[in-house]
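Commentary on secondary and tertiary structure
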Amino acid sequence: MNAEELRSLQRPLKEKYRVEPESALVIHKAQGTIKEDISISIETKNGPVVVGLHPAAAGSGLLACSGDILLEALVGCAGVTLGSVSTAMGINVRKGIVKAEGELDYRGTMAVSKDVPVGFRSIRLIFELDCDADEEKLQTLIRLTERYCVVYQTIAGSTEIKSIIRI
């Protein structure tokens, strides 16, 4: 897809969102069924994914790990966003790999130390790109990718999360 094709696809949506701002608010949903073996089966568009404990938290390593899924979501969103931004900027990405690495100290989530926060201490988002952009355009590409990547901004920001109990 080239820049004009992308713009022509997005133009009507952008106009609609300007005229009807409420139409831009989309509620994304996820649902899982808790299983007896300390796991949860999450329904996805590509079928169920069973998520369990990471081996560092006494999991078998045979099930998906929610921390890995978070990083995979970041990689997916950053990759799609980079593709959109590079297309809009007219940058030809001949080959690209996006990686995410996160440092997580399991003493926090395992309640070993109250001084250790629960969650990733840091996340590195790595772009390995073969493209026709000079250094300045490449920096702009990454800056705009970070700015418009929903998952990046959600992780980096302070999104409100509320837990609701339904019985």
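Residues numbered from 1 in each chain as written. Predicted model: local features only at pLDDT ≥ 70, side-chain atom pairs only at ≥ 80, totals over all residues. Heavy atoms only, no water.

Moving on, we come to the pattern of salt bridges. Applying the stated criterion across every chain, the model contains seven salt bridges. Arg124 is paired through a salt bridge with Glu101; the nearest N and O atoms lie 3.1 Å apart. On the criterion of sequence distance, the pair formed by Arg124 in strand β5 (residues 120-131) and Glu101 in strand β4 (residues 93-104) is long-range, its members being 23 residues apart. A salt bridge links Asp105 to Arg107; the shortest N-O distance between them is 2.6 Å. Asp105 sits in the buried class, given a relative accessible area of 16%. (Salt bridge = Lys/Arg side-chain N within 4 Å of Asp/Glu carboxyl O. Helix = DSSP H or I, 4+ residues; strand = E, 2+ residues; numbered from the N terminus. Buried < 20%, exposed > 50% of the residue type's maximum accessible area, 1.4 Å probe, protein only.)

What follows covers the sheet that holds strand β3 (residues 47-52). Read from one edge of the open sheet, three strands run β1-β2-β3, paired in antiparallel fashion. Two strands in the sheet have a free side with no partner beyond their single neighbour: β1 (31-35) and β3. Neighbouring strand axes in the sheet, compared pairwise and without regard to direction, differ in orientation by 25° on average. In this structure, β1 lies alongside strand β2 (residues 39-44), joined through five bridges in antiparallel fashion. Bridge pairing in β2 links Gln31 to Glu43. (Pairing = 2+ DSSP bridges. Axes fitted to C-alpha atoms, helices over the stretch in contact; angles between N-to-C directions.)

Spanning 24 residues, helix α2 (residues 66-89) covers 34 Å between terminal C-alpha atoms, matching the ideal 34 Å at 1.5 Å per step. All of the buried residues along α2 are Gly67, Leu71, Leu74, Cys77, Ala78, Thr81, Leu82, Val85 and Ser86. Its buried side turned inward, α2 meets β4, β5, α4 (135-148) and α5 (150-156). Gly90 lies just past α2 and shows a positive phi near 75°. (Expected span 1.5 Å × (residues − 1). Contact = heavy atoms within 4.5 Å.)

By size, the foremost hydrophobic cluster in this structure holds 16 residues, and its most contacted members are Ala78, Leu82, Ile91, Phe127, Leu141 and Cys149. For this core, the secondary-structure elements that each account for two or more residues are α2, β4, β5 and α4. Among the elements that line this core, the one with the most residues is α2, at six residues. In contact with Ala78, other than residues within four places in its own chain, are Val98, Leu125, Phe127, Thr145 and Cys149. (Core = buried A, V, L, I, M, F, W, Y, C linked by side-chain atoms within 4.5 Å.)

Our focus in this paragraph is unusual backbone geometry. Here Ala58, not a glycine, exhibits a phi torsion of approximately 80°, which is positive. By secondary structure assignment, the location of Ala58 is in the loop between β3 and α2. Its relative accessible area of 67% is what places Ala58 among the exposed residues. One non-glycine residue, Ala111, adopts positive backbone phi at about 60°. Residue placement: Ala111 occurs in the loop between α3 (106-109) and β5.

Turning next to the packing of α2 against α4. Two elements in contact, α2 and α4, have axes separated by 9 Å at closest approach and are oriented at 130°. Here α2 is positioned oblique relative to α4, judged by the angle of their axes. Relative to α4, α2 is oriented so that their crossing is right-handed. Across the interface between the two elements, Ala78, Thr81, Leu82, Val85, Ser86 and Met89 of α2 pack against Lys137, Thr140, Leu141, Ile142, Leu144, Thr145 and Tyr148 of α4. Residues belonging to the contact of α2 with α4 are distributed by class as follows: eight nonpolar, four polar and one charged. (Parallel < 35°, antiparallel > 145°, perpendicular 65-115°, else oblique. Left-handed = near helix turned anticlockwise from the far one by under 90°. Nonpolar A, V, L, I, M, F, W, Y, C, P; charged D, E, K, R; others polar.)

Function-wise, these values are silent; they only describe arrangement.
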